[in-house]
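Chain by chain, the residues run as shown.
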Amino acid sequence: GYKRDAVAAEADALEQRLTSAEGAAIRQAFDSKMKEAQDSFAAGELEKARAAAEAALESGKAGEFDVAETEALLARIKERARLATKLEKNFARVGAIYVSKYEVTRVEFWSFCRKLAKTVPKDKVPWPKHWNRSGTGRSFPLPGGAPVGGVTFRAAEAYCVFMSKKEGVTHR
């Protein structure tokens, strides 16, 4: 009985060390992948960040770790990728910034002014000066697909703030 008990205790101790080593290896893989995902995300390498975050999520679940932070990072990575796709479609990269491929049209600026007119006093709406007044606000000038003109710097800034809020990407 004594030898059997000693062998069983030794087997239990060995199993605990193996379990502990496996847990440590899983934790190390999880931490490593999370750091890689965070660093890649910060560097703008979205595909690499996504792959690392997904690997971290998998090892985190295998190790039964709290993966809420990993899931949140993965959601941010996916959202940034969605915005990047949108940027690539409508904007051209010039150095570190994106420039719209298209000019702001009269229709777009008109729509902005109309929405703004619902929230601020009428005299604060940045209508271009050459757009004629009518009894109900401003008349719509010329075909809508043409670029807007006669916009002041402050009006352009207000439009950029409006578009930043609307699209979730900073416009300047």
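Owing to the predicted nature of the structure, the values given are computational and were not obtained by experimental measurement. (Residues numbered from 1 in each chain as written. Predicted model: local features only at pLDDT ≥ 70, side-chain atom pairs only at ≥ 80, totals over all residues. Heavy atoms only, no water.)

Engineer: What exactly am I supposed to notice about the environment of T105 here?
Structural biologist: Inspection of the secondary structure puts T105 in the loop between β2 (97-100) and α4 (106-117). Classification of T105 as buried rests on a relative accessible area of 17%. T105 sits 43 residues away from V148 along the chain, and the two C-alpha atoms are 5.0 Å apart. (Helix = DSSP H or I, 4+ residues; strand = E, 2+ residues; numbered from the N terminus. Buried < 20%, exposed > 50% of the residue type's maximum accessible area, 1.4 Å probe, protein only.)

Engineer: Mind showing me how you'd approach helix α2 (residues 46-62) here?
Structural biologist: An α-helical turn contains 3.6 residues, so any two residues separated by three or four positions project in the same direction. Over its 17 residues, α2 runs 24 Å from end to end, which matches the ideal 24 Å to within 8%, given 1.5 Å per residue. Within α2, burial applies to L46, A49, A52, A53, A56, L57, S59 and G60. Of the residues one or two after α2, E64 is the one with positive phi, at around 55°. (Expected span 1.5 Å × (residues − 1).)

Engineer: Just to check I follow, could you spell out the packing of α4 against helix α5 (residues 153-167) for this structure?
Structural biologist: The relative placement of two packed helices comes down to the angle between their axes together with the axis-to-axis distance. Their axes nearest at 11 Å, the elements α4 and α5 cross at an angle of 80°. For the element pair α4 / α5, the angle class is roughly perpendicular. On α5, the residues touching E108, F109, F112 and K115 of α4 are A155, A158, Y159 and F162. Tallied by class, the residues present in the contact of α4 with α5 amount to 6 nonpolar, no polar and 2 charged. (Axes fitted to C-alpha atoms, helices over the stretch in contact; angles between N-to-C directions. Parallel < 35°, antiparallel > 145°, perpendicular 65-115°, else oblique. Contact = heavy atoms within 4.5 Å. Nonpolar A, V, L, I, M, F, W, Y, C, P; charged D, E, K, R; others polar.)

Engineer: Which parts of the structure should I look at to understand the nonpolar core?
Structural biologist: Nonpolar side chains tend to gather and get buried jointly when the protein is soluble and globular. F30, M34, A37, F41, A53, L73 and I77 are the most contacted members of the largest nonpolar core, which has 15 residues in total. By residue number, the principal contributor to this core is α2, which donates 6 residues. With 12 residues, the next largest nonpolar core counts W110, F112, C113 and A117 among its residues. (Core = buried A, V, L, I, M, F, W, Y, C linked by side-chain atoms within 4.5 Å.)

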